[in-house]
Amino acid sequence: MNVSLQSELELLVAAAEAAAEMALSFFRNDAKVWTKAGHSPVSEADIAIDHLLHDRLLEARPGYGYLSEETEDDGSRLVVPRTFIVDPIDGTRGFISGTTDWTIPIAVVEAGRPIAAVLIAPAREELYQAILGGGTYRDGERTEVSRRKDLDGATLAVSQRLLRSASVSDRVRAKSVFHASLAYRLARVADGRSDGAAIKANARDWDLAAADLLVREAGGQLTYLDGKLPRYDRPETDHGPMVAGPPALCPLLARLTASALEQGL
């Protein structure tokens with residue numbers, strides 16, 4: 001593709017800011033809500049933002065694919081070189097309940113990996129961005145993952161249940177943190193506010209692709225438990241268990257997660 005990464009990033013930032021403005025017009029304003037397949041909630045804000053992003057992004061890049069949680073996937077994205085991967089609102093439950101930890105993540109994926117990414121947290125006025133080889137920035141300041149090498153004393157985006165379910169030999173004393181948006185949990189790994197994260201099976205491309213690049217460009221890793229990198233924009237969009245964090249911490253976190261899974265997490 002002859003579109004520069006910087007041009008891709010500029011498009012994503014503009015689209016994310018427009019989506020954020022729309023999202024805030026619905027936030028804490030009695031948006032209509034219903035339940036979709038899988039018993040997960042969706043709001044009228046999710047649908048309106050999805051339409052905005054679809055139209056804005058594909059008008060600018062008509063030859064690209066588009067994959068979103070709220071758009072039926074017709075498979076046409078699989079035959080084009082680049083695809084937008086979008087979650088109109090990641091953390092819809094938080095959005096509906098009025099908490100501020102929901103986000104709008106957007107990525108451009110090429111050959112199965114993200115090359116440009118933006119994540120905006122409108123209610124917290126935070127904007128993350130990254131391009132391949134260009135580092136990760138939050139609100140204009142470059143970020144780095146934690147330099148922690150030990151799980152004891154770490155701040156981890158994992159459930160208390162996971163920490164309790166690990167076998168005795170693998171248990172650690174760590175602080176568990178949670179945010180409604182999975183992408184935001186990973187973004188906070190990218191800026192060092194969390195030391196690491198564990199992700200259950202069945203996260204989807206739109207939960208992960210943008211945050212993956214944020215973590216990697218901040219010096220970290222997002223991998224399966226065996227250390228392999230996830231691939232995006234495949235026919236199947238779901239993923240197995242993963243961990244994210246500094247390279248030195250990921251194998252330890254993968255062992256902790258595997259131990260918890262063995263205990264029936």
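Here the structure is shown first, and the text comes after it.
Residues numbered from 1 in each chain as written. Predicted model: local features only at pLDDT ≥ 70, side-chain atom pairs only at ≥ 80, totals over all residues. Heavy atoms only, no water.

Engineer: I'm lost on the sheet that holds strand β6 (residues 113–121) in this one. Help?
Structural biologist: Each strand in a sheet pairs with its neighbour through backbone hydrogen bonds, running either in the same direction (parallel) or in the opposite one (antiparallel). Judged by pairing direction, the sheet is mixed, and its seven strands sit side by side in the order β3-β4-β5-β6-β7-β8-β9 without closing on themselves. What marks the edges here is a single partner per strand, and that holds for β3 (65–68) and β9 (141–142). Relative to β9, strand β8 (residues 136–138) runs antiparallel, the two being bridged by two bridges. The residue bridging Tyr 137 from the neighbouring strand is Arg 142, located in β9. Taken strand by strand, helix α1 (residues 5–26) contacts β4 (82–86), β5 (104–110), β6 and β7 (126–131), and its axis lies near 30° from that of β6. (Pairing = 2+ DSSP bridges. Helix = DSSP H or I, 4+ residues; strand = E, 2+ residues; numbered from the N terminus. Contact = heavy atoms within 4.5 Å. Axes fitted to C-alpha atoms, helices over the stretch in contact; angles between N-to-C directions.)

Engineer: Whenever I open this one, the packing of α1 against helix α2 (residues 44–60) confuses me. Can you help?
Structural biologist: If you want to describe how two helices pack, look at the angle between their axes and the distance between the axes. Between α1 and α2, the least distance of the axes is 10 Å, while the angle of their chain directions is 160°. Our classification of the angle between α1 and α2 gives roughly antiparallel. Crossing of α1 over α2 shows right-handed handedness. Across the interface between the two elements, Leu 11, Leu 12, Ala 14, Ala 15, Ala 18, Ala 19, Met 22, Ala 23 and Phe 26 of α1 pack against Glu 44, Ala 45, Ala 48, Ile 49, Leu 52, Leu 53, Arg 56, Leu 57 and Ala 60 of α2. Here the residues of the contact of α1 with α2 sort into 16 nonpolar, no polar and two charged. (Parallel < 35°, antiparallel > 145°, perpendicular 65-115°, else oblique. Left-handed = near helix turned anticlockwise from the far one by under 90°. Nonpolar A, V, L, I, M, F, W, Y, C, P; charged D, E, K, R; others polar.)

Engineer: So what exactly am I meant to see when it comes to the nonpolar core here?
Structural biologist: By size, the foremost hydrophobic cluster in this structure holds 36 residues, and its most contacted members are Leu 186, Ile 199, Leu 208 and Leu 222. The element best represented in this core is helix α6 (residues 205–217), accounting for eight residues. With sequence-adjacent residues up to four places away left out, Leu 222 is seen in contact with Leu 186, Ile 199, Leu 208, Asp 212, Val 215, Arg 216, Leu 229, Pro 230, Tyr 232, Met 242, Val 243 and Ala 244. By size, the runner-up hydrophobic cluster in this structure holds 34 residues, among which are Leu 9, Ile 104, Val 108 and Leu 127. (Core = buried A, V, L, I, M, F, W, Y, C linked by side-chain atoms within 4.5 Å. Buried < 20%, exposed > 50% of the residue type's maximum accessible area, 1.4 Å probe, protein only.)

Engineer: Whenever I open this one, helix α5 (residues 182–190) confuses me. Can you help?
Structural biologist: Of all nine residues in α5, nine are buried, a share of seventy percent or more. All of the buried residues along α5 are Leu 182, Ala 183, Tyr 184, Arg 185, Leu 186, Ala 187, Arg 188, Val 189 and Ala 190. Its side-chain oxygen at 3.4 Å from the backbone nitrogen of Ala 183, Ser 181 defines the N-terminal cap of α5. Positioned one or two residues after α5, Gly 192 has a phi angle of 80°, which is positive. (Polar contact = N/O pair within 3.5 Å; in protein donor to acceptor, adjacent residues only side chain to side chain.)

Engineer: So what exactly am I meant to see when it comes to the sheet that holds strand β11 (residues 175–176) here?
Structural biologist: Taken together, the five strands give an open sheet; going across it, the order is β11-β10-β12-β14-β13, and neighbouring strands pair in mixed fashion. Sheet topology places β11 and β13 (221–224) at the edges, where each strand pairs with a single neighbour. Summarising the sheet, strand β10 (residues 155–157) and strand β12 (residues 196–199) pair through two bridges and their orientation is parallel. Bridge pairing in β12 links Ala 157 to Ala 197. Contacts from α5 reach β10, β12, β13 and β14 (242–245), with the element oriented near 150° to β12. Here helix α7 (residues 250–262) sits on the sheet and contacts β10, β12, β13 and β14; the angle it forms with β14, its principal contact strand, is near 150°.

Engineer: Got a minute to help me understand the layout of surface pockets in this structure?
Structural biologist: If a probe as big as a water molecule is rolled over the atoms, it shows which places are left empty. Roughly 1100 Å³ of volume is contained in the largest pocket. Taken together, 37 residues form the lining of the largest pocket, with Arg 93, Leu 182, Arg 185, Ala 203 and Asp 207 sitting closest to its centre. At the level of secondary structure, the elements contributing two or more residues to the lining of the largest pocket comprise α3 (92–97), α4 (160–165), α5, β12, α6 and α7. The residue inventory of the lining of the largest pocket, partitioned by class, reads 18 nonpolar, eight polar and eleven charged. (1 Å grid on protein atoms, 1.4 Å probe; cavity = no way out; pocket = protein on both sides within 12 Å on 5 of 7 lines; lining within 4 Å. Points joined across faces, edges and corners; volume = space filled by probe spheres on them.)

Read these as layout, nothing more, since geometry by itself doesn't imply function.
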